[in-house]
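Residues per chain are reported as follows:
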Amino acid sequence: QVQLVESGGGLVQAGGSLRLSCTISGRTFDIRTLSWFRQAPGQERKIVARIEGSGGAATYSDFVGGRFSISRDTAMLYLRMDRLKPEDTGVYYCNTVQFGGDESWGQGTQVTVSS
């Protein structure tokens, strides 16, 4: 399976920017999709963005509104976040799904956006 470790979270003022990173190790040759999810306190975990393992097509949830960009290289997954809003506050997780169906999660990184 795959091991994932997120970093880059922090406290930022509304309208500011952050870049989240996820270090990927293990079976990196067998990844179908890589995704970022987020979870606010007491709320369900929601998908933010997804990219194919080849680094090609990317998709975003509607609430992103053109503000975020997902990208990857061999060992890293990134999420660039611009024009952040207080509603973006939460724990952000990276996720991979293998072609055989196995799924992996990181432990998360906290993002807090102040008004």
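From a predicted model like this one, the values you see are computed outputs, not experimental measurements.

**Considering unusual backbone geometry**
Here comes step 1: Of note in the backbone geometry, Arg83 takes a positive phi value of approximately 50° without being a glycine.
Here comes step 2: As for its placement among the helices and strands, Arg83 is situated in the loop between strand S8 (76-81) and strand S9 (90-98).
Here comes step 3: Judged by its relative accessible area of 47%, Arg83 falls in the partly exposed class.

**Observations concerning the side chain of Gln98**
Here comes step 1: Checked against the element boundaries, Gln98 lands in strand S9.
Here comes step 2: The buried category is assigned to Gln98, whose relative accessible area is 3%.
Here comes step 3: Among residues more than four places away in sequence, those in contact with Gln98 are Val2, Arg27, Asp30, Ile31, Arg32, Glu103 and Ser104.

**Comments concerning the environment of Cys94**
Here comes step 1: Within the secondary structure, Cys94 is located in strand S9.
Here comes step 2: Separated by 56 residues in sequence, Cys94 and Arg38 place their C-alpha atoms 8.8 Å apart.
Here comes step 3: Excluding residues that lie within four positions of it along the chain, Cys94 makes contacts with Leu4, Glu6, Cys22, Ser35, Trp36, Leu77, Ser104, Trp105 and Gly106.

**Considerations on the state of the cysteines**
Here comes step 1: In this structure the tally under the stated criterion is one disulfide.
Here comes step 2: The disulfide bridge from Cys22 ends at Cys94, spanning 2.0 Å between sulfur atoms. The sign of the S-S torsion, about 55°, decides the handedness of the disulfide formed by Cys22 and Cys94: right-handed. Residue Cys22 is located in strand S3 (residues 18-26), and its partner Cys94 is located in strand S9; the two are separated by 72 residues in the primary sequence.
Here comes step 3: Since its relative accessible area comes to 0%, Cys94 is described here as buried.

**Here's the deal with the environment of Gln110**
Here comes step 1: Note that Gln110 resides in strand S11 (residues 109-114).
Here comes step 2: Put simply, Gln110 and Glu6 are 104 residues apart on the chain and 9.6 Å apart in space, counted from C-alpha to C-alpha.
Here comes step 3: If near-sequence neighbours (up to four positions away) are discounted, Gln110 is found in contact with Gly9, Gly10, Thr89, Gly90 and Val91.
Here comes step 4: Within polar-contact distance, the side chain of Gln110 engages the side chain of Thr112 at 3.3 Å.

**A closer look at the sheet that holds strand S7 (residues 68-72)**
Here comes step 1: Taking strand neighbours across the sheet as the criterion, the four strands line up as S1-S3-S8-S7 in an open arrangement whose pairing is antiparallel. At either margin of the open sheet sits one strand with a lone partner, and together these are strand S1 (2-7) and S7. Across the sheet, the axes of successive neighbouring strands diverge by a mean angle of 15°, strand direction being ignored.
Here comes step 2: Across six bridges, the pairing between S1 and S3 is antiparallel.

**Some thoughts on the nonpolar core**
Inside soluble globular proteins, nonpolar side chains tend to come together where they are buried.
Here comes step 1: Grouped together as the largest cluster of nonpolar side chains are 24 residues, with contacts concentrated most on Trp36, Val48, Leu77, Leu79, Met81 and Tyr92.
Here comes step 2: Where this core is concerned, the elements lending two or more residues are S1, S3, strand S4 (31-39), strand S5 (46-52), S7, S8, S9 and S11.
Here comes step 3: When residues of this core are assigned to their parent elements, the largest contribution, four residues, is made by S3.
Here comes step 4: Ignoring any residue separated from it by four or fewer positions in sequence, one finds Leu77 in contact with Leu20, Ser21, Cys22, Ile24, Leu34, Ser35, Trp36, Ile51, Ile70, Ser71, Arg72 and Cys94.

About the cut-offs
Residues numbered from 1 in each chain as written. Predicted model: local features only at pLDDT ≥ 70, side-chain atom pairs only at ≥ 80, totals over all residues. Heavy atoms only, no water. Helix = DSSP H or I, 4+ residues; strand = E, 2+ residues; numbered from the N terminus. Buried < 20%, exposed > 50% of the residue type's maximum accessible area, 1.4 Å probe, protein only. Contact = heavy atoms within 4.5 Å. Disulfide = S-S within 2.5 Å. Polar contact = N/O pair within 3.5 Å; in protein donor to acceptor, adjacent residues only side chain to side chain. Pairing = 2+ DSSP bridges. Axes fitted to C-alpha atoms, helices over the stretch in contact; angles between N-to-C directions. Core = buried A, V, L, I, M, F, W, Y, C linked by side-chain atoms within 4.5 Å.

Function-wise, these values are silent; they only describe arrangement.
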